[in-house]
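In case you want the letters, here they are:
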Amino acid sequence: MSIVASIPLSSLRRPAPVAKETRWAVADIAELFELPFMDLLYRAQQVHRTHFNANEVQLSTLLSIKTGGCSEDCGYCPQSAHHDTEVEADKLMQLEQVLAAARAAKEQGATRFCMGAAWRSPKERDMEKVTDMVQGVRALGLETCMTLGMLDQGQAQQLKDAGLDYYNHNLDSAPDFYGQIISTRTYQDRLDTLSNVREAGINVCCGGIVGLGETREQRAGLIAELANLDPYPESVPINNLVAVPGTPLEGAEPLDPFEFVRTIAVARITMPTTMVRLSAGREQMDEALQALCFAAGANSIFYGDQLLTTANPQAARDRALFARLGLHAQGERPAVQQPA
Ligand code: SAM
Ligand code: DTB
Ligand code: SF4
């Protein structure tokens, strides 16, 4: 029996889109990055605790429904056909295989199931198959998320009609750094897809990736772009580069871990009600660093031993970390009664 089987989906926190009151200047965000570490964490905690239970973390499980052979040239990505990595190109997965993975994710306690395809954008012939997946996963009582590349208005509407809850499409980096990492799709292409998703009434999951060799100012530039979306995304994944052999970024200098924590904290302060997801890179982090990320306002993770093609901590290891920190998964009861 699933841990969350008895909890209706409607009782899970689903933040309403919040129209932003402020337009963030990159300079103001850069100033947040410059704060003494303890002051930054304190401010992020204050914002976090105003809007969320600071001991609760939402669990999303990822599945790569179509792996490798992607026509885009994203410099960090092991699935790009432009790079010589160990990832083999595969066909779109069958519905039954997807549903089996979704059932297993639910059994482990995930509340959202995210399906990712290594496409520039879905083809017409793919749409019926992916909308069947949305309907099937939803029928299991899980929230649904998809990331399929660029969408036009009609495709966004088809996914909405199938019941898709979230669409993930990242801005990835600051506009003035982006061109050094990707050449086959523009920043504006990404903004157009985000606008189509928003217009269709699907929740927006949009974040970025750090550790690509960008400057702190450029990290501030990424956060400014995200925070100035109107409304800002309901969910913001912050990925730390997993440097995969064969990609152009395989030898990238690892980001200072405290700088990663700062990025989480600044995302939390500038987008107070969003779910900030501590995303790729957790397998390479120790428990203490992950705890700092939660203290900085991260309240969601990818859960399960695989991201798309790279490793993620085993579910049992995450459960042990939650127990050590007194954290509980969204939709589950806290193990220890918390003082009022
Ligand atoms: N193909 C779709 C697209 O790009 O829109 C969806 C999948 S893509 C893998 C989703 C995100 O994963 C990217 O935008 C990037 O932020 C992140 N990502 C990809 N490779 C990564 C890596 N090696 N390390 C960290 N994050 C990565
Ligand atoms: C996101 O921002 N991160 C996830 C999800 N959205 C699709 C993907 C991370 C991929 C890490 C590299 C890999 O496993 O292939
Ligand atoms: Fe393709 Fe997405 Fe990877 Fe870019 S990040 S190469 S679009 S799978």
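Throughout this description, residue numbers start from 1 for each chain and increase along the sequence as written. Numbering of ligands from 1 and lettering of chains from A proceed in the order in which they are written. Predicted model: local features are reported for residues with pLDDT of at least 70 only, side-chain atom pairs are reported and counted for 80 or more only, and whole-chain, interface and lining totals are derived from all residues. Derived side-chain values reflect all non-hydrogen atoms in the structure, with water molecules and hydrogen atoms excluded from consideration.

### Notes on the overall build of the protein
- Helix and strand definitions follow DSSP, with helices as H or I runs of at least four residues and strands as E runs of at least two, each counted in order from the N terminus. Along the backbone of the protein there are 11 helices and 10 strands.
- A compact globule built from 340 residues should have a C-alpha radius of gyration of about 20 Å, and the protein, at 19 Å, falls within 12% of that.
- Each principal axis of the C-alpha distribution contributes one length, and for the protein these read about 50 × 50 × 40 Å.
- Expressed as a percentage of its 340 residues, the buried residues of the protein come to 57%.
- The contact definition used throughout considers only heavy atoms, calling two residues in contact when any of these lie within 4.5 Å. Relative to all contacts within the protein whose residues are 6 or more apart in sequence, the contacts with residues 24 or more apart total 76%.
- Here the Shrake-Rupley method, with its probe set to 1.4 Å, supplies the accessible areas, and only the displayed protein chains count as covering residues. Total accessible area on the protein is roughly 14,500 Å²; 50% of this is exposed by carbon and sulfur atoms. Restricting the calculation to C-alpha atoms gives the radius of gyration, and the globule rule supplies 2.2 Å times the number of residues raised to the power 0.38. Here the term buried applies to any residue with accessible area under 20% of the maximum for its type, exposed to any over 50%, and partly exposed to those in between, with areas from a 1.4 Å probe on protein chains only.

### Comments concerning the site of ligand 2
- Residues in contact with ligand 2 amount to 13 residues; listed here are only the nearest, Asn168, Asn170, Asn239, Thr309 and Thr310.
- Take Asn168: an N or O atom from its side chain is 3.0 Å from a nitrogen atom of ligand 2.
- Side-chain atoms alone can form a polar contact between residues adjacent in sequence; in general such a contact is a pair of N or O atoms within 3.5 Å, and within protein one must be able to donate a hydrogen while the other accepts it. Taking Thr309, its side chain carries an N or O atom lying 2.6 Å from an oxygen atom of ligand 2.
- In isolation ligand 2 offers 410 Å² of accessible surface; the protein chains occlude 88% of this area.
- For each structure, a 1 Å grid was placed over the protein atoms alone; sets of points admitting a 1.4 Å probe that cannot get out are labelled cavities, open sets with protein on both sides within 12 Å along at least five of seven lines are labelled pockets, and lining residues have an atom within 4 Å of a point. If over half the atoms of a molecule are within 2 Å of the grid points of a cavity or pocket, the molecule is regarded as sitting in it. More than half of the atoms of ligand 2 fall within 2 Å of the grid points belonging to the largest cavity.
- Residues are grouped as follows: Ala, Val, Leu, Ile, Met, Phe, Trp, Tyr, Cys and Pro are nonpolar; Asp, Glu, Lys and Arg are charged; every other residue, Gly included, is polar. Class assignment for the residues of the shell around ligand 2 results in 7 nonpolar, 6 polar and no charged. The nearness test applies per residue and asks whether one of its heavy atoms lies within 4 Å of the molecule or strand.

### Quick notes on the site of ligand 1
- Every one of the 18 residues lining ligand 1 counts as a neighbour, but Tyr76, Thr147, Asn170, Asp172 and Val242 are closest to it.
- A distance of 3.5 Å is found between an oxygen atom of ligand 1 and a side-chain nitrogen or oxygen belonging to Asn239.
- When grouped by side-chain class, the residues that make up the shell around ligand 1 number 10 nonpolar, 6 polar and 2 charged.

### As for the pattern of salt bridges
- We count a salt bridge whenever a side-chain nitrogen from Lys or Arg sits within 4 Å of a carboxyl oxygen from Asp or Glu. Here the structure, examined in full by the defined rule, presents 14 salt bridges.
- Here Glu214 and Arg219 are joined by a salt bridge, their closest N and O atoms 2.9 Å apart.
- Take Glu214: its relative accessible area is 8%, and that puts it in the buried class.
- In this structure, Asp318 and Arg282 form a salt bridge, with 2.7 Å as the shortest nitrogen-oxygen distance. Note that Asp318 is positioned in helix 11 (residues 315–325) and Arg282 in the loop between strand 8 (275–278) and helix 10 (287–295), a separation of 36 residues in sequence.

### Thoughts on the confidence of the model for the protein
- Overall, the predicted model of the protein reaches an average pLDDT of 93, with 92% of residues at or above 70.
- In this model residues 1–14 is a low-confidence stretch, pLDDT under 50, and it forms 34 contacts with partners more than four residues away in sequence or in other chains. A residue's pLDDT is the confidence the predictor assigns to it, expressed on a 0 to 100 scale.

### Overview of helix 7 (residues 187–200)
- Helix span, as expected, comes to 1.5 Å for every residue beyond the first. With 14 residues, helix 7 ought to run about 20 Å at 1.5 Å a step, and its terminal C-alpha atoms sit 20 Å apart, in line with that.
- Buried residues of helix 7: Tyr187, Arg190, Thr193, Leu194, Asn196, Val197 and Ala200, and no others.
- Each element contacted by the buried residues of helix 7 is listed here: helix 5 (153–162), strand 4 (166–168), helix 6 (175–178), strand 5 (203–205) and helix 8 (216–227).
- Trailing helix 7 by a residue or two, Gly201 shows a phi angle of about 90 degrees, which is positive.

### Side note on empty space enclosed by the protein
- Grid points are joined across faces, edges and corners, and a volume is the space filled by probe spheres set on the points. The full count for this structure, using the stated rule, is 3 cavities of 30 Å³ or more.
- By volume, the largest cavity amounts to about 850 Å³.
- Around the largest cavity sit 39 residues that line it, and Tyr76, Cys77, Gln79, Asn170 and Leu308 are the ones nearest its centre.
- Those elements that place two or more of their residues in the lining of the largest cavity are strand 2 (112–117), strand 3 (143–147) and strand 7 (235–240).
- A breakdown of the residues in the lining of the largest cavity according to their chemical character gives 21 nonpolar, 12 polar and 6 charged.

### Digging into helix 9 (residues 257–270)
- Taking 1.5 Å of rise per residue, the 14 residues of helix 9 would be expected to cover 20 Å, and the 20 Å separating its terminal C-alpha atoms lies within 8% of that figure.
- Among the 14 residues in helix 9, 12 count as buried, and that is most of the element.
- Put simply, Asp256 is the residue that caps the front of helix 9, since its side-chain oxygen is 3.1 Å from the backbone nitrogen of Phe258.

### Some thoughts on the pairing of strand 3
- The buried count for strand 3 comes to 5 of 5 residues, which makes it a mostly enclosed element.
- Burial along strand 3 is two-sided: the face carrying Glu143, Cys145 and Thr147 and the face carrying Thr144 and Met146 are both buried.
- Once you follow strand 2 into helix 4 (residues 124–139) and on to strand 3, the crossover reads as right-handed.
- Paired strands are those between which DSSP finds at least two bridges. Relative to strand 4, strand 3 is paired through 2 bridges, and the arrangement is parallel. Across the sheet, Cys145 pairs through a bridge with Tyr166, a residue of strand 4.
- Here is how to tell: hold the view so the strands point away, follow the path from the first strand over the helix to the second, and if it runs clockwise the crossover is right-handed. Read from strand 3 through helix 5 to strand 4, the crossover connection turns out right-handed.

### Points about the environment of Ile29
- Relative to the elements of secondary structure, Ile29 occurs in helix 1 (residues 26–34).
- The class of Ile29 is buried, set by a relative accessible area of 0%.
- Sequence separation between Ile29 and Pro334 is 305 residues; the distance between their C-alpha atoms is 34 Å.
- Discounting residues that sit within four places of it in the chain, Ile29 has contacts with Trp24, Ala220, Ile223, Ala224, Val266 and Thr270.

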